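Okay, here's what each chain looks like letter by letter:
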Amino acid sequence: MIRVQNLTKLYGDRKAVDGISFHIEEGEIVGFLGPNGAGKTTTLRILTCYMPATSGAASIGGRDVFNNSMAVRRIVGYLPENAPLDGNMRAREYLSFRGKIRGLNRPDREAAIKRVTDQCWLGDFIDRPIHQLSKGMRQRVGLSDALLHDPKVLILDEPTVGLDPGQIRETRNLIHELAKRHTVLLSSHILPEVEATCERTIIIAGGKIVASGSPEELKKRIREGSRLILEVAGPPDEVKKTVSGEKGIQSVECVASDNGWHRLTIETQKNVDPREEVYKIVKQKNWSLRELRLEQGSLEEFFVRITAEQAAKQRSSKQEVRS
Amino acid sequence: MIRRVTALIQRELVANFLSPIAYIVAALFLVATALFFMPLTLVEGGEASMRVTLDWMAMAVLVFTIPLLTMRTLADEFATGTIETLMTAPVADFEVVLGKFFGVLIFYLALLLTTVVHVFLLLKYGAQDVTVVLYSYLGMILLGGLYISMGIFASSLTRYQLLAAILTMGLLSLFGALVNEVAGWFTGLWRQVFNYVNIIHHFEDFSKGIFDTKAIAFFVSGTLFFLFLSVKVLESRRWR
Ligand SMILES: Nc1ncnc2c1ncn2[C@@H]1O[C@H](COP(=O)(O)OP(=O)(O)O)[C@@H](O)[C@H]1O
Ligand SMILES: [Mg+2]
C-alpha cells in the first residue's frame, strides 16, 4: 500500500531523511518510532504530498506521491503534528468545509460528518467553536477530518502527544478500531506508545532506519549479546577461567558477593544461550549455585541508546558549526 | 474546481465575518468615504464631482484598508499550520489562491456598495453624469482587485500578518504614488516603463469617464500577474 524507496530530504544542506526504504502492506498498522528530530514528520509530509523529496520515490496505493499527487491525496487521511485547525469555526462547520473541498455533496457530507462524529466520540463538542476545545478534543476533530472521506490510508503524526493519560488510552483504542478498516501509519517518539498500538515498528534515528519488525522480531534482532547472570560459591579465579573458556562467551566480570559467593556478569555473543553449558560446568566442578539467569537486551534499552546517540551526534554537529 | 473554490471563498468570508479586523476595516472605510463625500454633497458650491473623491479614495483609503484585509489570507495559514491541511487535501495551489482572492474581493465589493448611498445624493443635488459614475465604479473594482492580488502576494511571503500588511502598503504606495517620483529621475524608455506601471495613471481614465480598454487590460493582467506570483510562492514553499 505504501512504498518508499531510497527517500532523501535535504533542508538546505542538512539531511533530515537519509535514503530510507520501507513497504507497508494493505491493512497493516505500522508505527514510525524515533527520537525528536529523527525525520518522522519530514517523511510523513513527503508521503502526504506536502513537500517533495530531494531524491528517491514514494507511492501510496500504486500512485506516485509526486507525479500523481491529487490521486494520493484522495485516498489518504492525514493528521499533521499538533492537529492544526481553523480555530474560529465550529467543529461542524470545519468538517463541512473539509467535506466540500474533498468533493462530497451535501447528503454524503452530512452522512460522513455523522459517521466520524460517532467514530471519534465528538458528541456535543461538534457544535463548539474549535478554539474552545481541549487539546484532546482538537486532536479528535483533526482525526475526524482525516477520516471524513473514508480513506484507504491513515497517516497520523504523533497522534497522542500532549494528551493526558486517559485521552491517550482512548486515542489508542480508537486507532485500534480504525486499523480494522484502514492501513495505518503513525509516528511517535514514545516506545510503549508504538508497542501498544502497532503490529510492526520502523525505528528511525538521524534520518535513517535503524531497525524494523514486529515487537518480537525487534527484540530478537536487537538482542546483540545478551547477558548471563551467574552466582556461584567457588574459587573466583578458577570459576572465571573455566567459564571464559566456553564458546560464545565474550567477557566475564566477577565480583565477590557475601560469604564466599561470587556474582558473574557474562556477556555473550549474538543469539547464543550458554546457560546449559555453564550449568554443566558448575555441576561438574561441584560448586554451589544460587542464580543463573539470561538477561535480554530490551527494546527500551535499545531505543534509549539510539536516542542518546542521536543527541550526541546533534551536539557535536552543533559544535562543529560553532567552531 | 468551482465547488472547491466556492468552499474556499465561503471559508474566507466566514473567517472575515469572525475577525475583528474586518469590522475595524469596514468602520474605517465607511467613515473615510463619508468624510470624502460629505463636503461634496452637503456644502453648497462644493465641487460636485465624483472624480476628485474617487481619486482620493483610491489613493488613501484603499492603500490603508486593503492591506488590512489581505494580510491575514496566507500568512495566517502559515502561522497556524492550517496550510498543511489545505495543501495535503485534493486542492490545487491556484485554487487556494483564487479562494483567497475572491473571498477578499467579495468583502471589498460589499464595502464599495455602501458608497452608492453617497452617489445617489450626488446625483440628486449635483449635475452628475451617470456614465462617469459607472466608469468610476468599474475603475474602483478593477483597482481593488489589483490591490487585493498584491496584498495576497505579500501575504504569501511571510507568516507574520503585520509584515504582510506593511509590505502591501509599501507596494501599493510604490506603484501608486512613488513611481511617479521615480519616473521623474529618468528619461526615455525607463520613464515610459515607470509611467506605465503607475497604477493611478491608469485609474484616472476611469474617473474621467473615459472607457479605456488598455487600462482594463492593465488592471486585469496586473491582477493575474500577482495572483500567479502568489501561486508560485506557495509552490516554492514546498521546496524549501
Ligand atoms: N522546515 C524545516 N526547515 C529546516 N529544517 C527542518 C525543517 N523541518 C525539520 N527540520 C529539521 O529536520 C530534522 C528532522 O525533523 P522532523 O522530520 O521534524 O523530525 P521528527 O518529526 O522526527 O521530530 C530535524 O533536525 C529538524 O530540525
Ligand atoms: Mg515530528
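Treat the numbers as computed from the prediction; the structure is a model and nothing was measured.

The subject of this paragraph is the domain arrangement of chain A. Taken domain by domain, chain A consists of domain 1 (2–219) and domain 2 (227–295). The straight-line distance from the C-alpha centre of domain 1 of chain A to that of domain 2 of chain A is 49 Å.

Residue and element names in this part refer to chain B. Judged by side-chain polarity, V14, F17, L18 and Y23 come together as a nonpolar surface patch covering roughly 390 Å² of accessible area. The residue L18 is located in the loop between α1 (2–17) and α2 (20–42) in this model. The class of L18 is partly exposed, set by a relative accessible area of 38%.

It is worth spelling out the sheet that holds strand β5 (residues 63–64) of chain A at this point. All names here are of chain A. Read from one edge to the other, the open sheet built from four strands follows the order β2-β1-β4-β5, with strand pairing classed as antiparallel. Strand pairing shows two members of the sheet lacking a second neighbour, β2 (14–24) and β5, which therefore form its edges. Relative to β2, strand β1 (residues 2–11) is paired through eight bridges, and the arrangement is antiparallel. Across the sheet, the residue bridging to L7 is I20, located in β2. Where helix α1 (residues 40–47) meets the sheet, it contacts β1, β2 and β4 (55–60), and its direction lies at approximately 120° from that of β1.

This part is about the coordination of the magnesium ion (ligand 2). Residues and elements named next belong to chain A. Looking at the metal site, the magnesium ion (ligand 2) is ligated by T41 (OG1) and E81 (OE), spaced 2.0 to 2.7 Å from it. Of the two residues, T41 sits in helix α1 while E81 sits in the loop between β6 (76–79) and α3 (91–101), which places them 40 residues apart along the sequence. Residue T41 is classed as buried on the basis of its relative accessible area of 17%.

Residue and element names in this part refer to chain B. With 27 residues, helix α12 (residues 213–239) should cover 39 Å at 1.5 Å per step; its first-to-last C-alpha distance of 39 Å lies within 8% of that length. Burial in α12 covers these residues: A215, F218, F219, G222, T223, F226, L227, S230, V231, V233, L234 and R238. The opening residue of α12 is D212, an N-cap whose side-chain oxygen sits 2.9 Å from the backbone nitrogen of K214.

All right, on to the site of ligand 1 then. Residues and elements named next belong to chain A. The environment of ligand 1 is made up of Y11, R14, A16, P35, N36, G37, A38, G39, K40, T41 and T42. Note that an oxygen atom of ligand 1 is positioned 2.6 Å from one of the backbone N or O atoms of G37. One of the backbone nitrogen or oxygen atoms of K40 is found 2.8 Å away from an oxygen atom of ligand 1. For ligand 1, whose unbound accessible area comes to 560 Å², protein coverage reaches 70%. If you list the elements that add at least two residues to the shell around ligand 1, you get β2 and α1. The element that contributes the greatest number of residues to the shell around ligand 1 is α1, accounting for three residues.

Definitions and limits used
Residues numbered from 1 in each chain as written. Chains lettered and ligands numbered in written order. Predicted model: local features only at pLDDT ≥ 70, side-chain atom pairs only at ≥ 80, totals over all residues. Heavy atoms only, no water. Domains from an automatic or database assignment. Patch = residues over 30% accessible without salt bridge, like charges linked within 9 Å, V, L, I, M, F, W, Y side chains within 5 Å. Areas by Shrake-Rupley, 256 points an atom, 1.4 Å probe, with all protein chains shown as cover. Salt bridge = Lys/Arg side-chain N within 4 Å of Asp/Glu carboxyl O. Helix = DSSP H or I, 4+ residues; strand = E, 2+ residues; numbered from the N terminus. Buried < 20%, exposed > 50% of the residue type's maximum accessible area, 1.4 Å probe, protein only. Pairing = 2+ DSSP bridges. Contact = heavy atoms within 4.5 Å. Axes fitted to C-alpha atoms, helices over the stretch in contact; angles between N-to-C directions. Donors = N, O, S within 2.8 Å, 3.2 Å for Na, K, Ca; no water. Expected span 1.5 Å × (residues − 1). Polar contact = N/O pair within 3.5 Å; in protein donor to acceptor, adjacent residues only side chain to side chain. Near = heavy atom within 4 Å.

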